[in-house]
Every structure is written in C-alpha cells, then in structure tokens.
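What follows is the residue order along each chain.
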Amino acid sequence: MLQEKITQYTAEINAFTTTNADELEQFRIKFLGTKGIIKDIFDEFKAVSPEEKRTLGKVLNEFKQLAEAKYQSLKEEGGQDQGGKDAGMDLTLPGEGFEVGARHPLALVRREIVEIFNKLGFSVAEGPEIEDDWHNFSALNFPEEHPARDMQDTFFIKKGGEKGDIALRTHTSSVQVRMMEHGQPPFRALMPGRVYRNEAISARAHCFFHQIEGLYVDEKVSFADLKQTLFYFVQELYGEGTKVRFRPSYFPFTEPSAEMDISCTICKGDGCQLCKHSGWVEILGCGMVDPNVLENCGIDSKKYSGFAFGMGIERIANLKFEIKDLRLFSENDVRFLKQFKSALI
Ligand code: PHE
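Parameters and conventions
- What you see as residue numbers is a count from 1 along each chain, following the sequence as written.
- Only residues with pLDDT of at least 70 get local features here, since the model is predicted, and only at 80 or more are side-chain atom pairs given and counted; chain-wide, interface and lining totals rely on the full set of residues.
- The side-chain figures draw on all heavy atoms in the structure; neither hydrogens nor water molecules are used.
- DSSP calls a pair of strands paired once it identifies at least 2 bridges connecting them.
- A run of H or I in DSSP counts as a helix once it spans at least four residues, and a run of E counts as a strand once it spans at least two, with each numbered from the N terminus.
- For every element, the axis is a line fit to its C-alpha atoms; helices are fit only across the contacting stretch, and the angle between N-to-C directions ranges from 0 to 180 degrees.
- The contact definition used throughout considers only heavy atoms, calling two residues in contact when any of these lie within 4.5 Å.
- Each residue is tested against the molecule or strand, and it is near if at least one of its non-hydrogen atoms lies within 4 Å.
- Polar contacts, as used here, are pairs of N or O atoms within 3.5 Å; protein pairs need one atom able to donate a hydrogen and one able to accept it. Residues neighboring in sequence count only if both atoms are side-chain atoms.
- Method for areas: the Shrake-Rupley scheme with a 1.4 Å probe, in which residue coverage is limited to the protein chains shown.
- We call Asp, Glu, Lys and Arg charged. Ala, Val, Leu, Ile, Met, Phe, Trp, Tyr, Cys and Pro are nonpolar, and the rest, Gly among them, are polar.
- Within 6.5 Å between ring centres, the rings of Phe, Tyr and Trp (the latter by its six-membered ring) count as paired, and their orientation is classed by plane angle as stacked under 30 degrees, edge-to-face over 60, tilted in between.
- A ring is considered to have a charge above it if a Lys NZ or an Arg CZ atom is located within 6 Å of its centre and within 35 degrees of its normal.
- Put plainly, a pocket is an open set of points on a 1 Å grid over the protein atoms alone with protein on both sides within 12 Å along at least five of seven lines, a cavity is a set where a 1.4 Å probe fits but cannot get out, and a lining residue has an atom within 4 Å of a point.
- Grid points are joined across faces, edges and corners, and a volume is the space filled by probe spheres set on the points.
- Criterion for a salt bridge: a side-chain nitrogen of Lys or Arg within 4 Å of a carboxyl oxygen of Asp or Glu.
- Accessible area is worked out with a 1.4 Å probe on protein chains only. A residue is then buried under 20% of its type maximum, exposed over 50%, and partly exposed in between.

Attention now moves to the sheet that holds strand S2 (residues 130–132). Taken together, three strands build an open sheet; the order of strands is S2-S4-S3 and the sheet is antiparallel. Bordering the open sheet on either side are S2 and strand S3 (156–161), each of which pairs with just one other strand. The sheet shows a mean angle of 15° between the axes of neighbouring strands, taken without regard to direction. Alignment of S2 against strand S4 (residues 164–168), held across three bridges, turns out to be antiparallel. The partner of Asp132 across the bridge, within S4, is Ile166.

Two modes of strand pairing occur in sheets, parallel and antiparallel, and in both the strands are linked by backbone hydrogen bonds. Reading across from one edge, S1-S5-S6-S10-S9-S8-S7 is the order of the seven strands in this open sheet, with mixed pairing throughout. Whereas interior strands pair on both sides, the edge strands pair on one side only; in this sheet they are strand S1 (123–124) and strand S7 (244–251). Pairing analysis gives eight bridges linking strand S6 (residues 208–218) to strand S10 (residues 305–312), with the strands arranged antiparallel. Across the sheet, residue Glu213 finds its bridge partner in S10, namely Gly310. Sheet strands touched by helix H8 (residues 223–238): S7, strand S8 (254–263), strand S9 (280–289) and S10. Its angle to S9, the strand with the most contacts, is close to 145°.

Turning our attention to the site of the ligand. Inspection of the region around the ligand gives 13 residues, with His171, Ser173, Arg197, Gln211 and Glu213 positioned closest. Within the side chain of Ser173, one N or O atom sits 3.0 Å away from a nitrogen atom of the ligand. Separating an oxygen atom of the ligand from a side-chain N or O atom of Gln211 is a distance of 2.8 Å. Relative to its unbound accessible surface of 320 Å², the ligand loses 89% to contact with the protein. Those elements giving two or more residues to the shell around the ligand turn out to be S6, S9 and S10. Top contributing element to the shell around the ligand by residue count: S10, with three residues. Grouping the constituent residues of the shell around the ligand by class yields five nonpolar, six polar and two charged.

What follows deals with the packing of aromatic side chains. Scanning the model with the defined rule gives 18 aromatic pairs in all. An aromatic cluster is defined as three or more aromatic residues linked by ring pairs; in this entry it consists of Phe117, Phe122, Tyr216, Phe233, Phe307 and Phe309. Positioned over the ring face of Phe45 is Lys53, at 6.0 Å from the centre of the ring. Residue placement shows Arg194 over the ring face of Phe208; its charged tip is 4.4 Å from the ring centre.

Turning to empty space enclosed by the protein, a few remarks are in order. Throughout the structure, instances matching the rule amount to one cavity of 30 Å³ or more. Its volume calculated, the largest cavity comes out at about 50 Å³. Forming the walls of the largest cavity are Leu140, Ser173, Gln176, Met180, Leu215, Phe253, Thr254, Val289, Val293 and Ala308. Broken down by element, the lining of the largest cavity gets its largest block of residues, three residues, from helix H7 (residues 173–181). Partitioned by chemical class, the residues of the lining of the largest cavity number seven nonpolar, three polar and no charged.

This part is about the pattern of salt bridges. On inspection of all chains with the given rule, the structure shows 16 salt bridges. Residues Arg178 and Glu131 are paired through a salt bridge, measuring 2.7 Å at the closest nitrogen-oxygen approach. Here Arg178, found in helix H7, pairs with Glu131, found in strand S2; they are 47 residues apart in sequence, far enough to count as distant. Look at Glu131 and you get buried, because its relative accessible area is 2%. Put simply, Asp325 and Arg327 hold a salt bridge, and the shortest N to O gap is 2.9 Å. If you follow the salt bridges from partner to partner, you end up with Arg245, Arg247, Glu259, Asp261 and Glu282 in one network.

So, about the side chain of Gln176. Mapping Gln176 onto the fold places it in helix H7. A relative accessible area of 5% means that Gln176 is categorised as buried. A polar side-chain atom of Gln176 sits 3.4 Å from the main-chain carbonyl oxygen of Gly214. Here Gln176 is in contact with Met191, Glu213, Gly214, Leu215, Ala308 and Phe309, once residues within four sequence places are set aside.

Examined against the element boundaries, Val109 turns out to sit in helix H5 (residues 105–118). C-alpha of Val109 to C-alpha of Ile316: the two residues are 207 residues apart in sequence and 7.4 Å apart in space. Sequence-distant contacts of Val109, defined by excluding residues within four places in its chain, comprise Ile313, Ile316, Ala317, Lys320 and Phe321.

Below is the structure:
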C-alpha cells in the first residue's frame, strides 16, 4: 500500500515543473506542508510491521529528499526567495532601455539667448498670442494705413471689436506695450514667444515663427547703449571676433531704427551661399523707442528714453545649426530632432 503510494507520488514529483511562484507554493503545501503528503506517509509508516519498516524506511527518506530537492531547485530557478507575484522574474537580465528625448532646437536657442541677456539684468516677460489692435499696432505708432495691418500679413480673428480688431499677434512688441502700460521705468526685459503672419509656407517663410524682443527703458539710455548691448550679445552667442554692422532702417515704433548684420557665421565673411557671398547676414531689427510709443504707454518721454530690438529665433538657430528649411522646426520629424541630443545639457 505505502510502497504503491510512494511510487505514484515519486512519478508525480519527477514530472512536476513550474516557473510560477504560486504553483510552486501549492506544491510545497501539498508535499512538504505540515498537513502534507509526506507527513501523512510518515504517519502511516509508524503503523507498518517491523520487517516492512526496514525496507520502506530507506525508500521513504529518499522520497522525502526528492520532494525537498525538487522544491529547492524550482525555487532557485524562479530566482525569488519568498515567492510572491514577482517570482519568476530574473533580476539579472539587462533592462529594457528607454530613449531620452532631446530639447527642441528652438528651445535650446531661446534658452541660450535668455541666459546671455540675464547676465545683463534682463528678465523675461510674456503676453497673450491673441491681441487687440492697440497692443499690436496702434500703441506702437503704426499709421492707420500701414501695410502690416493689411489682411495679407495679419491673421484677424475679429474685425472692429470694442478694443478694435482682434488678431494673432504679428510680433512680441505687443508685450513691450503691456509691460510699459503696467509700470514705470526702469524696464529691462526680453519678450520671447510665438508670432503669426499670413504668409505662404515655404523653406524660407512660415505662417508662424518665434521671436525674442528686448526692451530697455531708463533715464539717459542712448544708441551707444543699444550698440554695446547687442555687440556683447553677438560675441557671447557666436563667439568673440564676430563682427557687427548697423544699417539704417524703418520701424514705426523706433526712431532712429536699424537692422543689425553679423559677419557670416559659416564662411566668417569670405562669402558663401548662406550670406549670398556678401559676408554678412542680417539677424535683428532695433532702434530707439519712439517717444510717441512711450507717451502712448503713459511714460514721460522727456524723462525717459529706451531702446528695443527684435529677432526671429528660427533665424538665429539657422545660423547656429545650419538648418536650411524652416519647415523642419515644426514638422516634428524625430530624425531631425534627434540631432540636437548632443546639445542637451
Ligand atoms: N517688432 C519688429 C518685427 O517684428 C522687430 C523690432 C523690435 C524692431 C524692436 C525694432 C525694435 O519685425
């Protein structure tokens, strides 16, 4: 009887295998538990005849060892001491890697520009992308018939509302107006943000892009301050020895106005495709804040003067990373974005 049982259970133990901790625990309870089969068999053993004991004793011990060895080896294969829901997991296997993202090139360049001007005491100001006519145009001294107000350049949302036309801002100069309206000089701030213009999308133009404008208003601010500030900025951004030049220009909100060129970052002034063999590339517009603009914002133009500048972040990034097609910035092609990983610090 007993011998038969042992033979049957031996076959069962030999055939048993699992990687599942719960099943292994069931096995342990069934054979090795305090109310398990081995306990039962040993109890039965007590009642057998002395002759049988002699032969069966050895068989019984071997059977017990078999069950214990099976349990131990399956437990080790499972890699866990206590079982539980994670049993069976091999902690020595290499982990599944995950890809670290990269900062967008425009974010990298924006941050770099902000950091340079931070050193000069400029803070960062932001404002709404949906603007009224006053903040985007009128306060900035745009004549009524100025072509920039035309449907061709501006995305209007609502014509002739309470505060005039409502539109997507065409530049972040609107944030300068908001800043000046809400305080008194000194002002020293940068205005980064997205701006919109109704242009056909191509490699060189887009219906939205990003700007960083700057404003500095205080007593006795001069054009010399403007030049020195921007000169410092260019040396920091493109390296010492980068040349700058100012060309007279026109903006309704600055007088005098200028456009600033730098010596080509690619050919260093020798002439290449990017600078159209002139050796110079334009990077920003600037000028002394028109007294009308100061007055429009409630600032005494007899006491205060200031300068302002504005640049497209895409343009600065193009010169830094030699990106030839503007559309790449907004297509979110990971093959493009991945290239800026090394710039992530
Ligand atoms: N707002 C101008 C533009 O969008 C840039 C600019 C800002 C020029 C400040 C001069 C002074 O083109």
